[in-house]
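Inside the fold
So the chains spell out like this:
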Amino acid sequence: MVINHRNKIKITISKGDDESSNNERPDRSVAVSSEGARAGRGAGRRGGAGPAVRGRARATPGGRPRRRRSRSLPALPIPPRDAGRCGQPRVRQPDLLRFPQRQKPLEPSVDETRPPPHAPGRPVGNPQLPRAWRRGRPFGQRAGLPPAPSATGIKAPVEDIRPGCRDRPRLGGASGSAAVNSAGTASAAAEEPARRTCCGRGLPRGCGQRLRRRSGRAGCGESRGAAASPALRAGPGASPGPGAAAGRVGEQRAAAAHQVGTAPLRAPPRPSAHRRRCRPCPSLAALCLGAAPYLAPWRPGSDTRRAAVVGRGAALRLESSAAFHSLVIRDGGRLVFADRPHGPPITLRARYILIHDGGELHIGSERCPYSSRAIISLYGRATEGAAVEGFGQKFVGVGRGGVLELHGRRPRSWTLLDKTLHPGGLRHGAYSSEKRWGSRGINLRVLDASTGRVLAARRFDTHLQPGEGRRLLAFLALQAPGSVVAAAVGDSAARSLTLETRLLLRDRLGSRYIARLGYRQPWALVGILGGDRLSTAEDKREYHGNGTTGLAVAQRDFLTYDGTRFTVTAFSGWIKGIPHNGFKVEVSKGIILHLVDEVTSWLPGDRIVVASTDYSMHQAEEFNLLPCPECKSNQVKIDGSPLYLHIGEVIDGIDMRAEVGLLTRNVLIQGEMEDSCYGQNQCQFFSFDTFGGHIKILRNFSSVHMSGVELKNMGQQILGSYPVHFHLAEDVDERGGYERPTYLDNLAIHHCFSRCVAIHGTHGLLVKDTIGYDTLGHCFFLEDGTEQRNTFYHNLGLLTRSGTILPSDRNEAMCLSIRSHVYGSYVPVPSTDCMAVSTFWIANPNNSLIENAAAGAQDVGIWYIFHRVPTGQSEGQYPEGQAEHTPLGVFYNNRVHSNFKAGLFIGKGVKTTRANAEDPREYLTVDNARFRPHQDADPEKPRVPAVIDGLIAFKNNDHGAWARGGDIIFRNSGFSDNGIGLTLASDGTFPTDEGSSLEVTHSIFVGESSNFGSQGGQNSYWGKGANGEYRTLPRNKTFPIRGFQIYDGPVRMAKCTFKKFTPTVDRYSSAIGFFMKNSWQISPQNNVSQILMEKSVGLKVFFGRSGQWFGDNDNDGDKTSIFHDLDGSVTGYPDIFIGRADNYLLRHPGCLTVPRWNGLMCTGKFAQLYIQARRPENLTLSIARAAYHSHPLWLQGVNRGAPYQQYQPVVMLEQAYIIQWDGRAPEDVILYPINFNRGDWLHVALCYPREAVFQVVSDIYQRRTGTVHSVKHYLAAPSRASALNGTGERLFYFDRASGYLFVHLQAHEARRGHSYCSQQGCERIKITAHMYPGESWSCEPNPFPERPAAAQRPVSQRPAGPCGAPQLAITSTPSVKYVKVQIQSLSRADPRTHLTSAFIKINDTVFLFNSRGIFFVVLDACSGAVVSRRHFDTVTAENASSAITDYVQTFIKERSLVLVCSKDFADVVGSSEMSVFTRLGSAKPIVFHKEGSFAMLGYKGQARPSWIKVLNHAGYQKAASLQHYVPLKLKEYQCPANADESLKFALSQNHWEHIPAEPVVPWD
């Protein structure tokens, strides 16, 4: 025990259970020296403030503490110099702080004891003492920082204080009430009026401009005559007295590390109404929380047996690293990390940290982010120690009344790559080759000096083969001058190397040593073919016969046209009797990444991750950052070499730029891990330790805000132990009483073992700018289905792996192995019960997702899942089915890619009952559900469409997006390189679904883009694409790719563009396709309009064929597939239906068959006949149109094993149909005319045994209520004609001779929109047949009179109006406009091209060039308008070089996009190299190849944009061709203010130079 006798502070320290503990009840009264008390009373008398008013603790009824308006304690900023005078009239601002009055001050306590094994340590004392809660406005809000956004968006920053006058923050604990002086010790306990600080111009005479000492005169906001705190009065000019003495006493701080207590804190009083005077402002550093003068320094040292308790009134500044068994902060105690940017990091180690009952933990603040390095390290094995109730082990826990404010630096969390990063950092990849034996002779590599690409590799055995020297010289003669040549000797190359060959190598390669190359002598060279010795790097070693010579190494750096420096290395030598030789091509001194945003906050030594832009999420790569003084503000340099391709541009109209996230933060919370898995930590699935730390926040916390924090090795494979877990915290925004809503901002959660952020029974939380990388189980996770109004804004999740906690977390192996919660011997089905791990697991639709990226999950990127009833600890919180009917929150501008199952999935639910004999599956197994949003989640109110706006989905193995339900609308979305771009599936099947619809508009679909991907990283399939180039493939080499897939319907598609869907010999690829092996119904209401199929679409529609993937292609849905081309934009024939070729229910003589589609196009009116059958329920139905009775359609039904069977054929209206069965007819048959409009009809004949007796009734079934009305009985008609005459009488006719029952089926009520039935309900005819056992049921094929089918041929007509998506590109930056550019040069030496003209294509405008030479087209970079075109004859013109130079320098204006192509040109006359192209962005002068080709996308201006491209091909290479989506009006262009109007004009007039009406070549 240590007692500070001067201030009467008692500190108790115990070293563990084996030592005696001080169990006496601590004194809760405030013990203050008489000297200090007199000082306080004296100060009060001098100031005239009267007796001090003491506060009382407050709590809400029921014991729930009041919410604190703030727990973030930022520094007060220095106001601007033009701040107004203090005391001047101003608009009244809300009080920043309101402090409850107290009865008497309470003593602070700090207790350190070794805890019992079952509970955290607690100081002994009276548990009934009241707690007071501060009710002020949030400090961060007061300081002008933006509050957390609400569920509907991000609020604007709030500044509620006039600059220059600010309330002094109350920096004390929740229950502290004594003042603290500048030394951090106790002073008088009497309360004083609140002070205000005042800075700036216009100060009253005598006010200084800067506080040179920590104390000063009475300041702004201090009432005249009131006593100031000794901390502020003990400056020059202060009158001596007891108060000053107390200040001097306070300067004598305890220095012992174990003396951790501090004096009671006095709450700042209420503002006084008296006239205020100004005082000098303290420095900004002094106002930061870590430097607050009231904090006592704490250097407790390291003792992992000790349990520390920071208790009542203690306010400590942790100034050095410390380690405890545990740390509990409570009863108003406060712990603040010292912020010393130049000091060593502060590490706090503990098995757990618990903050509750007014306790506070602060690292930095919103206004003063922590600038040093702070680490909280949680240690301990799962098998050590007991769990703390409600929290578990190895945690930071925030309980009732706790405050957790962690604010590190807030660097840019993540951005997008702005220039494609190639493997190795070079366009054609790095190169490495090493040989030992078997490479005798001279080994050569020939490279392109402008790209680093290895063009040729040869070996010449000039040691044993006499003719190899001549072959070597012939090979070099074929290479283009200026090529890079690297040479290295393997074994020996001298014996047959003739003098002629040596001399020619000396002259052609500039070698100094080749002439005297000896036996087994190592030699390496890197030079320029045709260059001199100054351009050659060369090295040799002497061979002495001892088997080791060392390596001769030749290296030389080169520069690509885009500015990348690369090194070519050749080496040769002997090591321990073994020859070595080889070559390397690699980027020199680090690779520079070009990023979309400014990243100056990223520092050398930081670690980043670059997301995959291919099918495999495992192509994400991590790098450390290097110093880069040459980098621009949007560039960083990495220390490694990428293995995979990472796209950094818009390709084929889809934004595929890779996400780049920063993993490093200066505040780190981590779990300390073992080297490998141990114990009961699911080691059968994981080889590594998964028992990390975790953060858990319970309800009724006082304040939690985290920003700029890194979490590493967090989470446990245990339910409830996640990196960040809000557990049943209820409303954490304004609705819950938090005036400053709770948020997580700029967190980096990586290499964690159970989720990223778990939101459980919590509403109104903002998660912003947070990265979740390489984690197990669902990453951003809503748990019970009750969680609403949460906002996920600009978060990035990637490399989301499977976990074990929930069935939906598990992969196949886990699903089959973990069976402890199934019933009996049930074996789970992985594909349906499990395998659903998702980056965003959204269990309630009323949450908002804005600008997030799900960049790689084992299963799904974003999954909207539906809990039919709340699960877990939230059971009973909403009625059954409410989540499925709840409208969708905001979904805007999200990206999903590199996911195995789907990018976005809307549909399905979880099993909400425990495993039982009836349903043995595990609780929370993936189950069926339908999303059907209605107003107020009330199915009796109108539907509310769920809008998916701005989705970008690419490189997802199976689906870009799948959505089931209705109404759901996709718009402004892009789908590329997915197995299936988008599938829209209806709410359900009739009659459970009233006829909802799904829609996609203003969207772009791409089959196989120019993102070819790269092998490796668990990409399974690599094969030829439609253009003949090798690429990665989804699912399988033979998988049939579809852009838009129709499942059932009704679905609508309008104003969409399709590109690059072309079948290959291995697979089908179609723009529009159908769900394979589909047994479900298909609606004839499916329709498309204003569709643009680009010329690169080789297969517009495909109905499938029997074979791999399609099976027999004989299910009910396969055979009845159909959609309606409203305007002919797909088929060329308006108002036409497209169905499968063998469906004779649709066919008539006017139909057109399309064999490639396996389809036919027919005019007519079509609807559905819904047939329900009972007793028996297992029959196959045959339905035929009378005109084609020999071609029946056989339907199996969809409900095998159900109480009734249902069939839904699509039928042509006003026709006669014949229905038979593969057995005796069912006793009960119900016929529903669905999608019939009023007056539509059918004639139906049903086959029955000839002795059957019938009861036929019509009624209207109201689906919502389950009631029946308008019941009418049919009467038997005397003849077939009378039954079918359509007079309105309810008649049926049974022809016993033929065995057919005839009925006239007609809709009498009006139907609206896409509903299946009328508003009154669904009309139907119920047929009950009484049949005798053993009766014959055979019927003749056609009971109707033979009549030829009516012929109505479709009429070809071009659709009116524009077709396709209105956007050129779908990007994550919708405000940026793009221009689509394609440059195709032409080379006479390239025999592979079929073109006769070079061209430049800008959007849909084509500029053809038939003359030889170089062509320029210039655009204004701000508006996109074409401003200039010029042709230069480089073959015959004598001054071509100077003319080009003059044109570029003089005639091309600043801020210009410059497009250059060539046709059949030789060397440019008058110049060996063209340096003028460096003005357009080339990193070096251009040297044209004879009979080669050239293409350039350049920029003239002050900036050098990342999109600049240069291709300079030799004659033997393929003609140069490039394409790009170039952004307009970027900030770096420095466009004038009127650029928007110019852009509008340019876009409206962009056809003025359109040479042919139809584009000459497709945009490919």
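First, a word on scope: everything that follows refers to the structure included in this document. Just so we're clear, the structure is a prediction, and the values are computed from it rather than from any experiment.

The 7 strands lie next to each other as β74-β73-β77-β79-β84-β83-β82, forming an open sheet whose pairing is mixed. Across the chains shown, the open sheet's two edge strands, defined by having one partner strand only, are β74 (1193-1195) and β82 (1275-1276).

Turning next to the nonpolar core. Counting 137 residues, the largest nonpolar core has Phe-970 and Phe-1058 as the members making the most contacts within it. Considering every element that reaches this core, the biggest residue donor is strand β49 (residues 860-866), with 6 residues. The residues touching Phe-970, leaving out its near neighbours within four places in the chain, are Leu-904, Ile-948, Leu-951, Ala-961, Ala-963, Phe-975, Leu-982, Leu-984, Glu-999, Val-1000 and Thr-1001. One finds Leu-1169, Leu-1193, Leu-1246 and Ile-1327 within the second-largest nonpolar core, a separate group that totals 48 residues.

Bringing the environment of Ser-432 into the picture now. Mapped onto the elements, Ser-432 comes out in strand β19 (residues 431-435). The class of Ser-432 is exposed, set by a relative accessible area of 58%. In this view, Ser-432 contacts Phe-583 and Lys-584; residues no more than four positions away in its chain are not counted.

This brings us to helix α13 (residues 1440-1451). Taking 1.5 Å per residue, 12 residues should reach 16 Å; α13 reaches 15 Å between its end C-alpha atoms and fits that length. Along α13, the positions that sit buried rather than exposed are Ala-1440, Ser-1441, Ile-1444, Tyr-1447 and Val-1448. Angular distribution of buried residues about the axis of α13 spans 130 degrees; they occupy a single face of the element. Packing partners of the buried residues in α13 comprise β89 (1413-1420), β90 (1426-1432) and β92 (1493-1500).

With 4 of 5 residues buried, strand β83 (residues 1291-1295) lies mostly within the body of the structure. In terms of strand pairing, β82 meets β83 through 2 bridges, oriented parallel. If you follow Ala-1276 over to β83, its bridge partner there is Phe-1292. Bridge analysis of β83 against strand β84 (residues 1300-1306) gives 4 bridges, and the strand direction is antiparallel. Bridged to Phe-1294 within β84 is Leu-1301. Hairpin connection, β83 to β84: the antiparallel pair is bridged by 4 residues, and Gly-1299 has positive phi, about 85 degrees.

A few words now on the pattern of salt bridges. Applying the stated criterion to the full structure yields 58 salt bridges. Residue Asp-655 is joined to Arg-895 by a salt bridge in which the shortest nitrogen-to-oxygen separation is 3.7 Å. Here Asp-655, found in strand β33 (residues 654-655), pairs with Arg-895, found in strand β51 (residues 895-897); they are 240 residues apart in sequence, far enough to count as distant. The exposure classification of Asp-655 matches that of Arg-895, with both residues buried. A salt bridge links Arg-1324 to Asp-1259; its shortest N-O distance comes to 2.6 Å. Pair noted here: Arg-1324 is in strand β85 (residues 1322-1330) and Asp-1259 is in strand β80 (residues 1253-1262), with a separation of 65 residues, a long-range link. The pair formed by Arg-1324 and Asp-1259 is uniform in burial state, with each residue classed as buried.

Conventions used here
Residues numbered from 1 in each chain as written. Predicted model: local features only at pLDDT ≥ 70, side-chain atom pairs only at ≥ 80, totals over all residues. Heavy atoms only, no water. Pairing = 2+ DSSP bridges. Helix = DSSP H or I, 4+ residues; strand = E, 2+ residues; numbered from the N terminus. Core = buried A, V, L, I, M, F, W, Y, C linked by side-chain atoms within 4.5 Å. Buried < 20%, exposed > 50% of the residue type's maximum accessible area, 1.4 Å probe, protein only. Contact = heavy atoms within 4.5 Å. Expected span 1.5 Å × (residues − 1). Arc of directions from axis to C-beta. Salt bridge = Lys/Arg side-chain N within 4 Å of Asp/Glu carboxyl O.

On their own, these measurements won't tell you what the molecule is for.
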